[in-house]
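Each chain, letter by letter, is given below.
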Amino acid sequence: MAKITYIEHNGTRHEVEVKPGMTVMEGARDNGIPGIDADCGGACACSTCHVYVAPEWIDKLPARDPMEEDMLDFAYEPDPERSRLTCQLQVTEDLDGLVVQMPERQI
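Here the structure is a predicted model, which means the values were calculated and not measured. (Residues numbered from 1 in each chain as written. Predicted model: local features only at pLDDT ≥ 70, side-chain atom pairs only at ≥ 80, totals over all residues. Heavy atoms only, no water.)

Trainee: Sorry, what's going on with the pattern of salt bridges here?
Mentor: Once the charged atoms of two side chains with opposite charge are near each other, the side chains can pair. Inspection of every chain in the model, using the stated rule, returns three salt bridges. Salt-bridge contacts for R64 lead to E69; the nearest nitrogen and oxygen are separated by 3.3 Å. The exposure class of E69 is partly exposed, given its relative accessible area of 35%. R84 is paired through a salt bridge with E68; the nearest N and O atoms lie 2.8 Å apart. Taken together, the residues span a long stretch of sequence, with R84 in strand β4 (residues 83-85) and E68 in helix α2 (residues 66-72) at a distance of 16 residues. Assessed through its relative accessible area of 1%, E68 is described here as buried. (Salt bridge = Lys/Arg side-chain N within 4 Å of Asp/Glu carboxyl O. Buried < 20%, exposed > 50% of the residue type's maximum accessible area, 1.4 Å probe, protein only. Helix = DSSP H or I, 4+ residues; strand = E, 2+ residues; numbered from the N terminus.)

Trainee: It is not clear to me how the sheet that holds β4 should be interpreted in this structure. Could you clarify?
Mentor: Working definition: the strands of a sheet are paired by backbone hydrogen bonds and lie parallel or antiparallel to each other. Judged by pairing direction, the sheet is mixed, and its five strands sit side by side in the order β2-β1-β5-β3-β4 without closing on themselves. Each edge of the open sheet is held by one strand with a lone partner, namely β2 (13-18) and β4. When the angles between neighbouring strand axes are averaged without regard to direction, this sheet yields 35 degrees. Pairing of strand β3 (residues 50-53) with strand β5 (residues 98-101) involves two bridges; the strand directions are antiparallel. (Pairing = 2+ DSSP bridges. Axes fitted to C-alpha atoms, helices over the stretch in contact; angles between N-to-C directions.)

Written out as structure tokens, the structure is:
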């Protein structure tokens, strides 16, 4: 299991264990974490699972693929370095300790 910390826009922290093979989005959904809507169910067809990755994790994650880059154009206040779609982040043991922060809202 990988411990992932989800931080709501208001600062509320949720630390949960997510099974490898799931996505960071599924970890939020399955644990009732508010702030990640995941309207498309993880198909990378919306931007409602947008988060800001903690700076120390940026270089530890796989690069964004072109589809994720395109969908981030529709996210609320995307950050060119820190924004990611959680449906595109596959959980592995290497993500143990990952910290993500939700934007003020999802669009």
